[in-house]
Amino acid sequence: MGRDPVLLHEPIDLVIFDCDGVLIDSEVISARILIAQLGRVGVHVDFPYFQKHFLGRSWTKVAAEVRISYGLDLDSDFEEQYRSDLLRAFETELQAVHGVETVIDRLNVVSCVATSSSPRRVRRSLELSGLSRFFGDRIFTASQVRNGKPAPDLFLYVAKAMGVKPTRCLVIEDSVPGVIAAQKAGMPVWRFAGGSHLRGLPPADLDQGGGLTVFDKWTQFFEMAPHLEKRDKAAETHHG
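**Considerations on the sheet that holds strand E2 (residues 110-115)**
Next, step 1: Within the open sheet, the six strands sit side by side as E3-E2-E1-E4-E5-E6. Their pairing is parallel. Of all the strands in the sheet, just strand E3 (139-141) and strand E6 (213-215) have a single pairing partner and so form its edges. On average, adjacent strands in this sheet sit at an angle of 25 degrees to one another, irrespective of strand direction.
Next, step 2: Of the strand pairs in this sheet, E2 and E3 are connected by three bridges, and their pairing is parallel.

**A short note on the environment of Leu 86**
Next, step 1: For Leu 86, the location among the structural elements is in helix H4 (residues 76-93).
Next, step 2: Each C-alpha atom of the pair Leu 86 and Arg 32 lies 9.2 Å from the other, and the pair is 54 residues apart in sequence.

**Some thoughts on the packing of aromatic side chains**
Two numbers describe a pair of aromatic rings. These are the distance of the centres and the angle of the planes.
Next, step 1: Throughout the structure, instances matching the rule amount to 17 aromatic pairs.
Next, step 2: Plain terms: the ring middles of Phe 47 and Phe 50 are 6.0 Å apart, the flat faces sit at 15 degrees to each other, and that makes the pair stacked. Taken together, the residues span about one helical turn, with Phe 47 and Phe 50 both in helix H2 (residues 47-53) at a distance of three residues.

**Regarding the packing of helix H1 (residues 27-40) against H4**
Next, step 1: The geometry of H1 relative to H4 is characterised by a closest axis approach of 10 Å and an angle of 145 degrees between their N-to-C directions. As for the relative orientation of H1 and H4, their crossing is right-handed in sense. Touching Ile 29, Ser 30, Arg 32, Ile 33, Leu 34, Gln 37, Leu 38 and Arg 40 of H1 are Phe 78, Gln 81, Tyr 82, Asp 85, Leu 86, Ala 89, Phe 90 and Glu 93, all from H4.
Next, step 2: Of the residues belonging to the contact of H1 with H4, the class tally is nine nonpolar, three polar and four charged.

**Quick word on the environment of Arg 121**
Next, step 1: Within the fold, Arg 121 resides in helix H6 (residues 119-129).
Next, step 2: Among the polar contacts listed, one links the side chain of Arg 121 to the side chain of Asp 20, at a separation of 2.9 Å.

**Digging into unusual backbone geometry**
Next, step 1: In the segment running from Lys 149 into Pro 150, the intervening peptide bond is cis, with an omega of 15 degrees.
Next, step 2: Tracing the backbone through its elements, the reader meets Pro 150 in the loop between E3 and helix H7 (153-162).

**Digging into the environment of Pro 150**
Next, step 1: Assessed through its relative accessible area of 19%, Pro 150 is described here as buried.
Next, step 2: With 131 residues separating them in the primary sequence, Pro 150 and Cys 19 have C-alpha atoms 15 Å apart.
Next, step 3: When near neighbours in sequence (up to four residues on either side) are disregarded, Pro 150 contacts Arg 57, Lys 61, Pro 177, Ile 180, Ala 181 and Lys 184.

So, how was this worked out
Every chain is numbered on its own, with residues counted from 1 as its sequence reads. A pLDDT threshold of at least 70 governs which residues receive local features in this predicted model, and a stricter bar of 80 or more applies before side-chain atom pairs are shown or counted, although totals over entire chains, interfaces and linings include all residues. The side-chain figures draw on all heavy atoms in the structure; neither hydrogens nor water molecules are used. Strand pairing is assigned whenever DSSP detects at least two bridges linking the two strands. Strands here mean DSSP runs of E at least two residues long; helices mean DSSP runs of H or I at least four residues long; both are numbered from the N terminus. To obtain each axis, a line is fitted to C-alpha atoms, and for helices this fit is confined to the stretch in contact; angles are then taken between N-to-C directions over 0 to 180 degrees. We call Phe, Tyr and Trp rings a pair once their centres come within 6.5 Å, taking the six-membered ring for Trp, and we label the pair stacked below 30 degrees between planes, edge-to-face above 60, and tilted otherwise. Left-handed describes a crossing in which the near helix is turned anticlockwise from the far one by less than a right angle; the clockwise case is right-handed. Whether two residues touch is decided by their heavy atoms; if any such pair falls within 4.5 Å, the residues are in contact. The residue classification treats Ala, Val, Leu, Ile, Met, Phe, Trp, Tyr, Cys and Pro as nonpolar and Asp, Glu, Lys and Arg as charged. All others, Gly included, are polar. Counted as a polar contact is a pair of N or O atoms within 3.5 Å, where, for protein atoms, one must be capable of donating a hydrogen and the other of accepting one, and residues adjacent in sequence contribute only when both atoms are in side chains. Only protein chains enter the calculation, and the probe is 1.4 Å; a residue is then buried if its accessible area is under 20% of its type maximum, exposed if over 50%, and partly exposed in between.

Below, the structure is given as structure tokens:
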């Protein structure tokens, strides 16, 4: 984002990727579907509202926000229709974020996914984007813990399940709730701002006043964490 890379020196044993907006460029699709569906029940919101109140949050928190702010309970039929419309759009529109596949493939430590999405949605998203082969069963969702992001529960659950100390987990998030959750869990966290939903936002709106590492291209990842890249002959040729 026009800044020199900030080198990560901490020892890391696990990289935890959020899914939507980090691995897959899905948030603009989600926003379009949800805004349209809310409009049909008389709740009119725009994309900035989506960014502030819905981005990175579980469905439970999205529904709670609508109930508190608009006095409307989103029933199970609304949720099912939203998820159905979203997955239908994903089938033809969803893509992996450019460059992320290379980063996952070149990591010399274990990686996993921790997301506020439903289990069905995240698994289908990873299949459609061609990324499921990298993670196997190392996929964790907010449905496995009591409190979703911005609570630290999901990240702490992941660390325990993977047998890694929180301080040795690097979290890659795109949303403010996700960043806060990682910080509360005591984990180093970087904010990825390369998804379509964050393009054009000024750095001051992304880096918490300069206290957060922000990057918007996956080619920057190993510039900031060179010790996390596999060092084989191909890599040495690439770097040398």
